[in-house]
Amino acid sequence: MEKEKQVPVVEMRSVTKTFPGVIANECVDLSLYAGEVLALLGENGAGKSTLMNVLCGLYRPDEGEIFIRGKKAEINSPRDSQRLGIGMVHQNFKLVDSMTVLENIILGMKDQGFIPDMKKVRAEVATLSEKYNLSVNPDASIWQLSVGEQQRVEILKLLYRKAEILILDEPTAVLTPQESQELSKVIHLMRAEGKSAIFITHKMEEVMTFSDRVMVLRKGKVAAELSTTSTSPRDLAKLMVGREVLFELEKKPFQPGEAVLSLEKVCALDDRGLPALKDVSFEVRKGEIVGIAGVAGNGQRELAETITGLRKLTSGSVRIQQKDVTNAKPLTIIKAGVAHIPQDRASVGAVGDMSVASNLAMKDYRKKPLSIGIFLLPQQILSMAKKLINAFRIATPSPETHVKFLSGGNIQKTILAREIGACKNLLVAVYPSRGLDIGATESVRKQLIEQRDKGLGVLFISEDIDELIQVADTILVMFEGKIMGSVPAASADPEKIGLMMAGVSQLQNEPTDIRQGVIPS
Ligand SMILES: Nc1ncnc2c1ncn2[C@@H]1O[C@H](COP(=O)(O)OP(=O)(O)O)[C@@H](O)[C@H]1O
Ligand SMILES: [Mg+2]
């Protein structure tokens, strides 16, 4: 395409947006052409969401101008942007839970003089659903839908409103790899029709497969603008983080000690009362990272919850350092030295009205060196907080900033730093790098390995096979609540793991000593 001669559909010129103590965007130029997918890449807190919120009228920029199809635009509200054909799927969806899919799709349009003929709306939504392969029950209430389905509703809503410029803010952070694939098809279809999209992500592979061009933001400024074919994941990572990113991690040789965690024939039910864990048995030893591979929803969440006391076993046993903790209370298990990075980080989350430093100290504050008796030691808390803020690259104006002012990814990093920091015997990490940028992902992986090198046991649940091979010592594959097989990470074959993830038992592949669960090499 001859970009030079075309008028961009969107042109943002020298946009600056500040919040108290933070320059979220500094003199940012952005252009987007018809039929183009632009990937907006950057670490958590780089200013991506802010820039897009300016474009869709949620924030007023302090300085700068926006041109839409060559004409200067005054975008003072989401309604203005909608009129210009701009639609955004936000990082945290903005659907009304108690309403149905159809009601959500037309929500707010009535105020603009639109009197909905529900029969027509239903037919149009059905046509769009089919065309873009976005299947969802139009009469379901939002609360009944999975996250992936809710996202489809958000996209349908924009298509129904005839958006020509789509902004997707980290749409794949909440999706399974399969759902991400589906989304990539939708985007390609829209692009083929001449629509344009800005796609925010941290994931390099997605940038490479989804986009035509990439813009990298770093600390609110444009760090680079490139055509996708002229760059590589490694270069992009470097541009994002501002330094070389290690794709290889250093690890001490694998020398496991005695078992920290032993599961024997553990069975448990899911929230609907159906069997979620079926006779799960395995061990995690000191100095070992056991990786659990599998498509999300195959019992991983329930596994982590039974170990940490948040879910009852229906049969079987759990031991921590040989002590029976079957169905023990969460607090008993925490006292046994178990830390948990849960899947749903919002629920255990951070306290928004407290500072980053206080949040980081939350689990440790009763112990030395952060307190003596009943006295907290603010200097110690502050220096510990500074260490963690650096290690996890938490983007915060200061340790004293209230957590509610941080971006979503940085709140997540705060929780991670706290849990990893407080771990004594066993760390149960459920998708710890989900939604994190590459710099933070790297430090999470390093932290897991560091805990292992210190002699702790780590149970590491992930959907990313490459990540598991890189980080874990032993990989177990879960499918429909069962352990399908076990392989040493050092000799793991991604394809074989993928097959087991899809339900092909290791036994059907080759002879296995199932008690040890390790393929003899
Ligand atoms: N409403 C807000 N109030 C104060 N600070 C904010 C607000 N929104 C974002 N920020 C700050 O602006 C910076 C950029 O945030 P954001 O645009 O959310 O980053 P990204 O989407 O790239 O992760 C961060 O330092 C964040 O803490
Ligand atoms: Mg964001």
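Every chain's residues receive numbers from 1 upward, in the order its sequence appears when written. Following the order in which they are written, the chains are lettered starting with A and the ligands numbered starting with 1. Given that this is a predicted model, residues contribute local features only at a pLDDT of at least 70 and side-chain atom pairs are listed and counted only at 80 or more, while totals for whole chains, interfaces and linings are drawn from all residues. Each side-chain value is derived from all of the structure's non-hydrogen atoms; neither hydrogens nor water enter the calculation.

The end-to-end C-alpha distance of helix α4 (residues 118-132), which contains 15 residues, comes to 21 Å, matching closely the 21 Å that a straight helix rising 1.5 Å per residue would cover. Exposure is judged per residue with a 1.4 Å probe applied to protein chains only, and the accessible area is read against the type maximum: over 50% gives exposed, under 20% gives buried, and values in between give partly exposed. By definition, any uninterrupted DSSP run of H or I lasting at least four residues is a helix, any uninterrupted run of E lasting at least two residues is a strand, and each is numbered from the N terminus. Listing the buried residues of α4 in full gives V121, V125, L128, S129 and Y132. For α4, the angular spread of buried residues about the axis comes to 105°, placing them on one side. Pointing more than 90 degrees away from the buried face of α4 are the exposed residues K119, K120, T127 and E130. N133 sits one or two residues past α4 and shows a positive phi near 55°. One less than the residue count of a helix, multiplied by 1.5 Å, gives the span that helix is expected to have. Note that the arc is defined by the directions from the helix axis to the C-beta atoms.

The next subject is the pairing of strand β8 (residues 196-201). With respect to burial, β8 is a largely interior element, six of its six residues being buried. Burial along β8 is two-sided: S196, I198 and I200 and A197, F199 and T201, pointing in opposite directions, are all buried. Here, a strand pair is defined by DSSP locating no fewer than two bridges between the strands. Two elements, strand β7 (residues 165-169) and β8, share five bridges in a ladder whose sense is parallel. Its bridge partner being in β8, L166 is matched across the sheet by A197.

Only a single heavy atom is needed: when it lies within 4 Å of a molecule or strand, its residue is near that molecule or strand. Neighbouring ligand 1 are 15 residues; G45, G47, K48, S49 and T50 lie closest to it. Between N or O atoms, a polar contact is any pair within 3.5 Å; within protein, one atom must be a potential hydrogen donor and the other a potential acceptor, and residues adjacent in sequence are included only when both atoms are from side chains. One of the side-chain N or O atoms of Y59 is found 3.5 Å from a nitrogen atom in ligand 1. A distance of 2.9 Å separates an oxygen atom of ligand 1 from a polar backbone atom of F405. Looking at the shell around ligand 1, the elements with two or more residues in it are β2 (22-32) and α1 (48-55).

For the rest of this paragraph, the subject is the packing of aromatic side chains. Within a pair of aromatic rings, the relevant descriptors are the distance that separates the centres and the angle that separates the planes. Each aromatic pair joins two rings of Phe, Tyr and Trp (for Trp, the six-membered one) with centres within 6.5 Å, and gets the label stacked for planes under 30 degrees apart, edge-to-face for over 60, and tilted for any other angle. A full pass over the atoms with the stated rule returns two aromatic pairs. The interplanar angle of 75° and the centroid separation of 5.3 Å between the aromatic rings of F19 and Y59 together place this pair among those described as edge-to-face. Within this pair, whereas F19 is found in strand β1 (residues 10-19), its partner Y59 is found in the loop between α1 and β4 (63-68), the two being separated by 40 residues in sequence. Note on Y59: relative accessible area 29%, which makes it partly exposed. Judged by centre distance (4.4 Å) and plane angle (20°), the ring pair of F199 and F210 falls under stacked. On the criterion of sequence distance, the pair formed by F199 in strand β8 and F210 in helix α7 (residues 204-210) is long-range, its members being eleven residues apart. Each member of the pair F199 and F210 is classed as buried. Only Lys NZ and Arg CZ are tested; either one counts as a charge over a ring when it is within 6 Å of the ring centre and within 35 degrees of the ring normal. Lying over the aromatic face of F67, R13 brings its terminal NZ or CZ to 3.9 Å of the ring centre.

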